[in-house]
Amino acid sequence: MFERFYPDKYVESAYVIDYEGMYKKGYRGIIFDIDNTLVPHGAPADKRSIALFKRLKAIGYECLLLSNNKEPRVKMFNDAVHVRYIYKAGKPGVKNYERAMDMMGTDDVNTFFVGDQLFTDVWGARNAGLYSFLVKPINPKEEIQIVLKRYLEKIVLHFYKKKLEKEGGKDD
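Rules and cut-offs
- Residues numbered from 1 in each chain as written.
- Predicted model: local features only at pLDDT ≥ 70, side-chain atom pairs only at ≥ 80, totals over all residues.
- Heavy atoms only, no water.
- Buried < 20%, exposed > 50% of the residue type's maximum accessible area, 1.4 Å probe, protein only.
- Helix = DSSP H or I, 4+ residues; strand = E, 2+ residues; numbered from the N terminus.
- Arc of directions from axis to C-beta.
- Contact = heavy atoms within 4.5 Å.
- Axes fitted to C-alpha atoms, helices over the stretch in contact; angles between N-to-C directions.
- Parallel < 35°, antiparallel > 145°, perpendicular 65-115°, else oblique.
- Left-handed = near helix turned anticlockwise from the far one by under 90°.
- Nonpolar A, V, L, I, M, F, W, Y, C, P; charged D, E, K, R; others polar.

A. Quick look at helix α3 (residues 71–81). Every buried residue of α3 is listed here: Arg73, Val74, Phe77, Asn78 and Val81. One side of α3 holds all its buried residues, which, seen down the axis, span an arc of 120°. Buried residues in α3 make contact with α2 (47–59), β3 (62–66) and β4 (84–86). Just beyond α3, the residue with positive phi is His82, at close to 55°.

B. Summary view of the packing of α2 against α3. In contact at an axis separation of 9 Å, α2 and α3 are set at 60° when each is read in the N-to-C sense. By the angle between their directions, the pair α2 and α3 is classed as oblique. Like other packed secondary-structure pairs, α2 and α3 cross with a definite hand, here right-handed. Residues Ser49, Ile50, Phe53 and Lys57 of α2 lie in contact with α3, whose contacting residues are Phe77, Ala80 and Val81. The residue inventory of the contact of α2 with α3, partitioned by class, reads five nonpolar, one polar and one charged.

This is a description of form; function is not addressed.
Set out below in structure tokens:
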């Protein structure tokens, strides 16, 4: 029932993903959410996120920020990391996931997504045919509409974790 919301992999942080390993598997593009995925909600890029994008570019990735926020917020973050971006993306709608891949010159086979929300980020990525990483939110302080969604996410994650236990802990 909840499977359509399950990520391919659930990890502690965007900063612990084995990007080199994913590159060796053939991935060439990464679509990122920003708020609570890379930095706390509304925060500018920090040293850690700047270093991450520098590392990803050195590996050979094309990267794109996909955010439901307005352009000033997305541009503020992007001014420090210098990648492509799409603002007011309408996640979980598929259109801008597809547009992101077009902009990067990648496709659903060699692109993956990293985000912190099941009902926007992961669901949209799955509908676009992308491998998805769900990361734990960086900061528990969030807007009220996100706080309410988090309660529902806990239910879905409960069943996701039970499925993993049943399968012996394999989540990809």
